[in-house]
Amino acid sequence: MKKQYLLTPGPAPVPEEIMKAMSEPIIHHRTSQYRDIVWKINQDIKKIFRTDANVLTFTSSGTGAMEASVTNTLSKGDTAIVVRGGKFGERFSEICRAFGVEVVPIDVEWGTRPHHAAIEKALKEHPEAKAVFIQLCETSTATLYDVKSIGSVVKNTRAILVVDAISGLGADEFFMDEWGVDIAIGGSQKGFMLPPGLAFLAVSGKAWKLAAASKLPKFYFDLKRYEKVVTEGDSPWTPAITLVLGLGKAVSMILDEGVDKFVARHAADAAFVRQSLSGMGLEVFSKYPSDALTAIKVPQGLDGKKIVDTMKTKSVIFAGGQGHLKGKIFRIAHMGAITREDLEHALEKLKETLAELGHKVK
Ligand SMILES: *Cc1c(COP(=O)(O)O)cnc(C)c1O
């Protein structure tokens, strides 16, 4: 099979070592063999979240953990502040509304980020707000939010800070405990180099206190059930054993490289991509670009969909724009197992594509 360059912000490529770990014979989860593996994962994955809290693992895509962060902390009629700077900010607001939570939106222009002062102001105007929902990286615009500054504002209020770090984790710097993040969420198919199917969520002491008063319905995603057994390497329901075996390999690969180095490699690759693009006369879309992926403005006179479709014929898979950015931007991921060589190859093919579509490339 011809190599496909899967440079999308989820799913992202899965290295062979991880595929191999997932092709091992299935084992039973109520055994010491499995519990030992999970126990080790639980110790190691905390280092990626930079937290002392337990990281709970769900069988779901990332959205399941997003929903769990709402249903486990809030009650019907509660108020939540939700930053909407793209598709995933909108998703938090949709989840809140689906469960009868009043949303105070902070709308930011797509491609920019919320200023922490805007969150401070919203918290002053809505002292009843129990939670603030943001992204680390808003994947739809490839924008990095200033979680540290926002954390320093939310920390002094009764509200908890929930961060959807699904695409940013591992690529962009993130310090859950140090930055005052109360719930941090990850997903397997982004920087974790796994197929889709697992979501991760860590909970601070402040968030557990709020959770004790939460009345929204929950069962499968009831965090208390996971927390109760997590230190034994157990989970309340049958886990996605195969994916968890892959997770063991993925987490040990990240720790072998070193979390700092893993993050630094993303920064270097992101800088390389941005520099190459500007060398080609292309413009990065986001004002605050993430190191997990880069969004590029479609040059005037070209159709973004055509660029993505033409790249596909060359076995390089980019993501298009979402929402009102459809056709206006396209996105290249450089997360997880995506290598510098992959990126060089993709940029070469992009040059070819633009020339074929009649765009003069520098
Ligand atoms: C991918 C992603 C999600 C989760 O999407 P799923 O399809 O449910 O895995 C959520 N937030 C962000 C920022 C993402 O990049």
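Located above this text is the structure these notes cover.
1. A short note on helix α10 (residues 259-279)
Then, in step 1: Spanning 21 residues, α10 covers 30 Å between terminal C-alpha atoms, matching the ideal 30 Å at 1.5 Å per step.
Then, in step 2: Within α10 the residues assigned to the buried category are Val259, Phe262, Val263, His266, Asp269, Ala270, Phe272, Val273, Ser276 and Leu277.
Then, in step 3: Where α10 is buried, its residues contact α2 (32-49), α9 (241-257), β11 (293-297), β14 (329-333) and α12 (340-356).
Then, in step 4: Following α10 by one or two positions, Gly281 adopts a phi angle in the positive range, close to 80°.

2. Structural notes on the pattern of salt bridges
Then, in step 1: Under the definition given, this model contains 19 salt bridges.
Then, in step 2: The closest approach of N and O atoms between Asp260 and Arg50, which form a salt bridge, is 3.0 Å. Here Arg50 lies in the loop between α2 and β2 (55-59) and Asp260 lies in helix α10, a separation of 210 residues in the sequence.
Then, in step 3: Note on Arg50: relative accessible area 21%, which makes it partly exposed.
Then, in step 4: Among the salt bridges present, the one from Asp222 reaches Arg225, with a minimum N-O distance of 3.7 Å.
Then, in step 5: Overall, the relative accessible area of 11% leaves Asp222 in the buried class.
Then, in step 6: Counted as one network, the salt bridges with shared partners bring together Lys314, Lys349, Glu352 and Glu356.

3. Points about α9
Then, in step 1: Look at α9: 25 Å from first C-alpha to last across 17 residues, which is about the 24 Å you get at 1.5 Å a residue.
Then, in step 2: Where α9 is buried, its residues contact α1 (16-21), α2, β10 (198-203) and α10.
Then, in step 3: Following α9 by one or two positions, Gly258 has its phi on the positive side, about 100°.

4. Observations regarding the packing of aromatic side chains
Two aromatic rings, taken as a pair, are described by how far apart their centres are and by the angle between their planes.
Then, in step 1: In the structure shown here, the tally under the stated rule is ten aromatic pairs.
Then, in step 2: Judged by centre distance (4.7 Å) and plane angle (50°), the rings of Phe92 and Phe133 are tilted. Of the two residues, Phe92 sits in helix α4 (residues 87-98) while Phe133 sits in strand β5 (residues 129-135), which places them 41 residues apart along the sequence. As far as the burial class goes, Phe92 and Phe133 line up, both buried.
Then, in step 3: Pairing Tyr220 with Trp237 gives two aromatic rings, centres 5.9 Å apart and planes at 15°, and the pair type is stacked. Of the two residues, Tyr220 is situated in the loop between α7 (205-212) and α8 (223-230) and Trp237 in the loop between α8 and α9; the sequence distance between them amounts to 17 residues.

5. Observations concerning unusual backbone geometry
Then, in step 1: Look at the link from Gly10 to Pro11: it is a cis peptide, with omega at -10°.
Then, in step 2: Assignment of secondary structure puts Pro11 in the loop between β1 (5-6) and α1.
Then, in step 3: One non-glycine residue, Arg50, adopts positive backbone phi at about 55°.

6. A short note on the site of the ligand
Then, in step 1: Taken together, 13 residues sit near the ligand, with Ser61, Thr63, Thr139, Asp164 and Lys190 positioned nearest.
Then, in step 2: Contact between the ligand and Gly62: an oxygen atom at 2.9 Å from a main-chain N or O atom of the residue.
Then, in step 3: In isolation the ligand exposes 380 Å². Once the protein is present, 88% of that is buried.
Then, in step 4: Residue assignment for the shell around the ligand shows that the elements contributing at least two residues are α3 (62-71) and α4.
Then, in step 5: The dominant element in the shell around the ligand, judged by the number of residues it contributes, is α3, at three residues.

Reading guide: rules and limits
Once a new chain begins, its residue numbering starts again from 1 and follows that chain's sequence as written. Totals for whole chains, interfaces and linings use all residues, but because this is a predicted model, local features are given only for residues with pLDDT of at least 70 and pairs of side-chain atoms are given and counted only at 80 or more. Only hydrogens and water are set aside; all other atoms, that is, all heavy atoms of the structure, feed into the side-chain values. In this text, helices come from DSSP runs of H or I with a minimum length of four residues, and strands from runs of E with a minimum of two, each type numbered from the N-terminal end. Expected helix span is computed as 1.5 Å times (number of residues minus one). For the exposure calls, accessible area comes from a 1.4 Å probe over protein chains only, and a residue counts as buried if that area is under 20% of its type's maximum, exposed if over 50%, partly exposed in between. Whether two residues touch is decided by their heavy atoms; if any such pair falls within 4.5 Å, the residues are in contact. Basic side-chain nitrogens of Lys or Arg form a salt bridge, by our definition, when they fall within 4 Å of a carboxyl oxygen of Asp or Glu. Stacked, edge-to-face and tilted are the three classes for Phe, Tyr and Trp ring pairs, Trp counted by its six-membered ring, which pair at centre distances within 6.5 Å; planes under 30 degrees apart are stacked, over 60 edge-to-face, the rest tilted. Throughout, the term near means that a residue has one or more heavy atoms lying within 4 Å of the molecule or strand in question. Each polar contact in these results corresponds to two N or O atoms within 3.5 Å; when the atoms are within protein, one needs to be able to donate a hydrogen and the other to accept it, and residues that are neighboring in sequence are counted only if both atoms are side-chain atoms. The method behind every accessible area is Shrake-Rupley, applied with a 1.4 Å probe, and residues are considered shielded solely by the protein chains displayed.

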